Amino acid sequence: MEKDPATSNSSLGDEISDSFFFQIHRMKRTIFRRTNALMSEAGITLQLEQLPLIMILQRENRSQRELSDITMRDKSSILRSINALEKKNLVEVQKDKADKRKNIVSLTDEGISLAKNIRSLMKKAEDEVLSVFSQKERGEALETIRSYADRLETL
């Protein structure tokens, strides 16, 4: 007996929508959509792939290779993002004093200011999106997700 394609697709859709990954993706998409809207309202024009670099470099200067490893992006893609951020005067690139083969990327004063502004907008977006939860639910959800993430990083 042949399966009805409409039923099969519906069943597949149910399986996907019931997956943990899909639900996490929905939450992430909502938070990023709100963050992007707030950034746009604030006149911040960064491409999505540039944002992680700004956030990583806010913590500490990194080599191009480290940025590639952390973001799991190829070196040429990282270089394009770095060049674009450099043209906007948000990052600067200097040769590593200890190893001249390495280029160290750091935020400029303007980049530091932008990173702080973006972090504030991300917090605001998160607060708005998660306002549907009570404080208790929010705390429990954060603790659960953090625990999952910590355990998954050991794989």
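Scroll up for the structure.
Cut-off values and rules
- Residues numbered from 1 in each chain as written.
- Predicted model: local features only at pLDDT ≥ 70, side-chain atom pairs only at ≥ 80, totals over all residues.
- Heavy atoms only, no water.
- Helix = DSSP H or I, 4+ residues; strand = E, 2+ residues; numbered from the N terminus.
- Rg over C-alpha atoms; globule rule 2.2 N^0.38 Å.
- Buried < 20%, exposed > 50% of the residue type's maximum accessible area, 1.4 Å probe, protein only.
- Contact = heavy atoms within 4.5 Å.
- Areas by Shrake-Rupley, 256 points an atom, 1.4 Å probe, with all protein chains shown as cover.
- Lys, Arg positive; Asp, Glu negative; His and termini not counted.
- Charge placed at Lys NZ, Arg CZ, Asp CG, Glu CD.
- Core = buried A, V, L, I, M, F, W, Y, C linked by side-chain atoms within 4.5 Å.
- Pairing = 2+ DSSP bridges.
- Axes fitted to C-alpha atoms, helices over the stretch in contact; angles between N-to-C directions.
- Parallel < 35°, antiparallel > 145°, perpendicular 65-115°, else oblique.
- Left-handed = near helix turned anticlockwise from the far one by under 90°.
- Phe/Tyr/Trp six-rings, centres within 6.5 Å; stacked < 30°, edge-to-face > 60°.
- Lys NZ or Arg CZ within 6 Å of the ring centre and 35° of its normal.
- Polar contact = N/O pair within 3.5 Å; in protein donor to acceptor, adjacent residues only side chain to side chain.

### Description of the overall build of the chain
Right, on to step 1. Helices and strands together make up the secondary structure of the chain, namely 7 helices and 3 strands.
Right, on to step 2. Reading the chain from its N end, one meets helices and strands in the order α-α-α-β-α-α-β-β-α-α.
Right, on to step 3. In summary, the chain has a C-alpha radius of gyration of 20 Å against a globular reference of 15 Å for 155 residues, an excess of more than 25%.
Right, on to step 4. Among the 155 residues that make up the chain, the fraction classed as buried is 26%.
Right, on to step 5. Partitioning the intrachain contacts of the chain with sequence separation of at least 6 by distance along the chain shows that 51% fall at a separation of at least 24.
Right, on to step 6. Working note: accessible area of the chain is about 11,300 Å², and carbon and sulfur atoms make up 54% of it.
Right, on to step 7. Across the chain, the 27 positively charged side chains and the 25 negatively charged ones have centroids separated by 5 Å.

### Some thoughts on the nonpolar core
Right, on to step 1. In this structure, Leu46, Ile54, Leu67 and Ile118 are the most contacted members of the largest nonpolar core, which totals 23 residues.
Right, on to step 2. When residues in this core are grouped by element, the largest group, 6 residues, is from helix H3 (residues 51–59).
Right, on to step 3. Beyond its immediate sequence surroundings of up to four residues, Ile54 is in contact with Leu46, Leu85, Leu90, Leu107, Ala115 and Ile118.

### A look at the sheet that holds strand E1 (residues 62–63)
Right, on to step 1. Pairing in this open sheet of 3 strands is antiparallel, and the strands run E1-E3-E2 from one edge to the other. With one partner strand each, in any of the chains shown, E1 and strand E2 (91–95) form the two edges of the open sheet.
Right, on to step 2. Summarising the sheet, E1 and strand E3 (residues 103–107) pair through 2 bridges and their orientation is antiparallel. Counterpart to Arg62 in the pairing with E3 is Val105.

### Thoughts on the packing of helix H4 (residues 64–71) against helix H5 (residues 75–87)
For any two helices packed against each other, the geometry comes down to the angle between their axes and how far apart the axes lie.
Right, on to step 1. Contact geometry of H4 with H5 gives a least axis separation of 9 Å together with a crossing angle of 110°. The orientation of H4 with respect to H5, classified from their angle, is roughly perpendicular. Both H4 and H5 take part in a crossing whose hand is right-handed. Note on element contacts: H5 touches H4 through Lys75, Ile78, Leu79 and Ile82, opposite Gln64, Arg65, Leu67, Ser68 and Thr71.

### Here we look at the packing of aromatic side chains
Right, on to step 1. Within the structure shown, the criterion is met by 1 aromatic pair.
Right, on to step 2. Sitting over the ring of Phe32, Lys28 keeps its end group 5.7 Å from the ring centre.

### Side note on the side chain of Thr108
Right, on to step 1. Here Thr108 is to be found in the loop between E3 and helix H6 (109–129).
Right, on to step 2. At 2.6 Å, the side chain of Thr108 and the backbone oxygen of Asn89 are in polar contact.
Right, on to step 3. Look past the residues within four positions of Thr108 in its chain and what remains in contact with it is Asn89, Leu90, Val91 and Glu92.

### Here we look at unusual backbone geometry
Right, on to step 1. Phi angles above zero are rare outside glycine, and Met72 is one such case at about 60°.
Right, on to step 2. Backbone geometry places Asn89, a non-glycine residue, at a positive phi of 60°.
Right, on to step 3. Within the fold, Asn89 resides in the loop between H5 and E2.

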